[in-house]
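Below are the chains, spelled out letter by letter.
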Amino acid sequence: VDSFLLQLAGFNLIDIYLSMADQRSDTIPVITSLKDFKLQQVLSINPKQKSMSVCGHWPEEDPTTRAIIVAEKQPITEKTIDSLFSKSAHLKQNFQNDIYGQFEASNCSLGELKLTTIFPATEKHILKYMEQSQYLLRETPEDYELITRPFIQAEAMSLQWVYNILEGRSESDRVVHRDPDLSNGFILVPDLKWDSSDLDNLYLIAIVMRKDLQSLRDVTSDHLPLLKNIILKGKEAVKAMYGIHGNQLRFYIHYQPSFYHLHVHITNIKYESASVLIGRSHLLDDIIDNIERIDEHYYQKRVMNFVLKES
């Protein structure tokens, strides 16, 4: 119970619901503190939503008259962000790869935070992280050849950090699996969005070794051995490293991707994020099936719908 109360102290917003196993209580206790609450069961913890639900009872109540407590962290606002830049905040660096760094921040009023730094940041980086209106676009194969492909060639951000991983110059201690085959191989590493500890939020990236594939538009039947290899060895690596079974994983490719070197996202099916929504994500099993059963050049011929920011 003590550890539960310490954990709960990190939450700013507390909603309390009362229910009874067999009968309705005539009196609802006045709640001013949780120090005497008798914890019976942790019902759920949702790291992505930063919430947890527990069940227990108040000491003056019958144990069958149970209470449910749902605790949620308050969102970061402009008013609370100042504590991150105070003298008391402490940073611990996890790694640095080219312009990208990852840190753990502690000793600020926001609690423990995972920070990603980008320095020097270009205008393209600033626009990527800026809040903007979004639109659902419909891209024909002709649109891709006339508009999207020239844009990728002219405007895409640097891939040096990707090549650093592939060539073993950065993040080698974070590699979960390395298949060096130049045609069908890939490097499996934790995504920057994952803290590498909470398995419910597991998020890995399989970056292909070959450099001639920029996005899903380039994938044909020639690349099926690569995609199947990622599924097979990706499941084996995750099971060996984290103990998570293959049917508890989601393999998918984004279109449009955040960077133009083909990569596959691998997440726990419990992971909830906009990155898995329709309009961006394509399940790897569906991609393989479409190419095998419908057309070997399926993704060069089909119309692609995707969500894009205004700029």
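Since the model is a prediction, treat every value here as computed from it, not as a measurement.

Bringing the overall build of the protein chain into the picture now. When its secondary structure is counted, the protein chain shows seven helices and 15 strands. Looking at the protein chain as a whole, 41% of its 311 residues qualify as buried. A fraction of 61% describes how many contacts in the protein chain between residues 6 or more apart in sequence connect residues 24 or more apart. Surface summary for the protein chain: the accessible area is close to 17,900 Å², and the carbon and sulfur share equals 52%.

With that settled, consider the packing of aromatic side chains. Taken as a whole and assessed by the stated rule, the structure comprises six aromatic pairs. Summarising the aromatic geometry, the rings of Y203 and Y271 are spaced 5.2 Å apart at their centres and angled 75° between planes, so their arrangement reads as edge-to-face. Here Y203 is found in strand β11 (residues 203-208), whereas its partner Y271 is found in the loop between β13 (263-268) and β14 (281-283), with 68 residues between them in sequence. Across the pair, Y271 and Y203 agree in class, each one buried. A ring pair is formed by Y255 and F306, whose centres lie 5.6 Å apart and whose planes are at 85°; its orientation type is edge-to-face. Of this pair, Y255 sits in the loop between β12 (249-254) and β13 while F306 sits in strand β15 (residues 304-309); the two residues are 51 residues apart in sequence, bridging distant segments of the chain. Considered together, Y255 and F306 belong to a single accessibility category, that of buried residues. Clustering of aromatic rings is evident, with ring pairs tying together Y100, W161 and F259. Here K211 stacks its cationic end above the ring of Y163, 4.3 Å away from the centre of that ring.

Reading across the sheet, the three strands line up as β5-β6-β7 and stay open at both edges, with antiparallel pairing between neighbours. The strands lining the two open edges of the sheet, one partner per strand, are β5 (90-97) and β7 (113-118). Between one strand axis and the next, the sheet turns by 25° as a mean value, whatever way the strands run.

Note that S215 resides in the loop between β11 and α5 (224-242). Accessibility expressed as a relative area gives 2% for S215, which makes it buried. Not counting the four nearest positions on each side in its chain, S215 is found in contact with Y144, Y255, P257, Y260 and L262.

One finds L188, L204, I230 and L284 to be the most contacted residues of the largest nonpolar core, which totals 56 residues. In terms of residues, this core owes the most to one element, α5, which gives eight residues. Among all residues touching L284, those that are not within four sequence positions of it are L227, I230, I231, F251, Y252, I253 and V264. Judged by nonpolar contacts, the second largest core, of seven residues, contains C108, L110, L113 and L115.

Once that is clear, we can look at a nonpolar patch on the surface. The grouping of Y135, L137 and L308 at the surface amounts to a nonpolar patch, some 250 Å² of accessible area in total. Note on placement: Y135 falls in strand β8 (residues 134-139). Here Y135 falls in the partly exposed class, since its relative accessible area comes to 41%.

Turning next to the sheet that holds β12. Sheet strands associate in pairs through backbone hydrogen bonding, adopting either a parallel or an antiparallel arrangement. As summarised here, the arrangement of the six strands in space is β9-β10-β11-β13-β12-β14, forming an open sheet in which the pairing is antiparallel. The open sheet is flanked by β9 (177-179) and β14, the only strands paired with a single partner. Here the strands of the sheet are splayed against their neighbours by 30° on average, with no regard to which way each runs. Bridge analysis of β12 against β14 gives three bridges, and the strand direction is antiparallel. Opposite Y252, over in β14, you have L283 as the bridge partner. On the sheet, α5 packs against β9, β10 (186-190), β11, β12 and β13 and is oriented at approximately 40° with respect to β10. Against the sheet, helix α6 (residues 284-293) makes contact with β12, β13 and β14, and its axis sits at roughly 70° relative to β14, the strand it touches most.

Tallied over the full model, the rule gives 14 salt bridges. For E139, the salt bridge goes to R217, with nearest N and O atoms at 3.0 Å. Of this pair, E139 sits in strand β8 while R217 sits in the loop between β11 and α5, and the two are 78 residues apart along the sequence. Accessibility expressed as a relative area gives 3% for R217, which makes it buried. In this structure, the salt-bridge partner of R293 is D289, at a minimum N-O distance of 2.5 Å. Of this pair, R293 and D289 both sit in helix α6, four residues apart, roughly one helical turn. R293 gets classed as exposed once you look at its relative accessible area, which sits at 67%. What emerges from the salt-bridge pattern is a single network uniting E145, R149 and D218.

Calculation criteria
- Numbering of residues starts from 1 in each chain and follows the order in which that chain's sequence is written.
- Predicted model: local features are reported for residues with pLDDT of at least 70 only, side-chain atom pairs are reported and counted for 80 or more only, and whole-chain, interface and lining totals are derived from all residues.
- Side-chain numbers here rest on the full set of heavy atoms in the structure, without hydrogens or water.
- Labels follow the DSSP assignment, with helices taken as runs of H or I lasting at least four residues and strands as runs of E lasting at least two, numbered in each case from the N terminus.
- Only protein chains enter the accessibility calculation, which uses a 1.4 Å probe; a residue whose area is less than 20% of its type maximum is buried, one above 50% is exposed, and one in between is partly exposed.
- Note on contacts: a residue pair qualifies if any of its non-hydrogen atoms lie within 4.5 Å across the two residues.
- Methods summary: accessible areas were calculated by the Shrake-Rupley approach with a probe of 1.4 Å, and residue burial reflects only the protein chains presented.
- Whether two aromatic rings pair depends on their centres lying within 6.5 Å, for rings of Phe, Tyr and Trp, where Trp uses its six-membered ring; planes under 30 degrees apart make the pair stacked, over 60 edge-to-face, and the rest tilted.
- A ring is considered to have a charge above it if a Lys NZ or an Arg CZ atom is located within 6 Å of its centre and within 35 degrees of its normal.
- The pairing criterion is simple: DSSP has to find at least two bridges between the two strands.
- Angles here are taken between N-to-C directions and fall from 0 to 180 degrees, while the axes themselves are lines fitted to C-alpha atoms, restricted in helices to the stretch in contact.
- Definition used in this section: a nonpolar core is a set of buried Ala, Val, Leu, Ile, Met, Phe, Trp, Tyr and Cys residues joined via side-chain atoms within 4.5 Å.
- For patch building, the residue pool is restricted to those with more than 30% relative accessible area and no salt bridge; the joining distance is 9 Å between like charges and 5 Å between nonpolar side chains (Val, Leu, Ile, Met, Phe, Trp, Tyr).
- One side-chain nitrogen of Lys or Arg within 4 Å of one carboxyl oxygen of Asp or Glu is enough to make a salt bridge.

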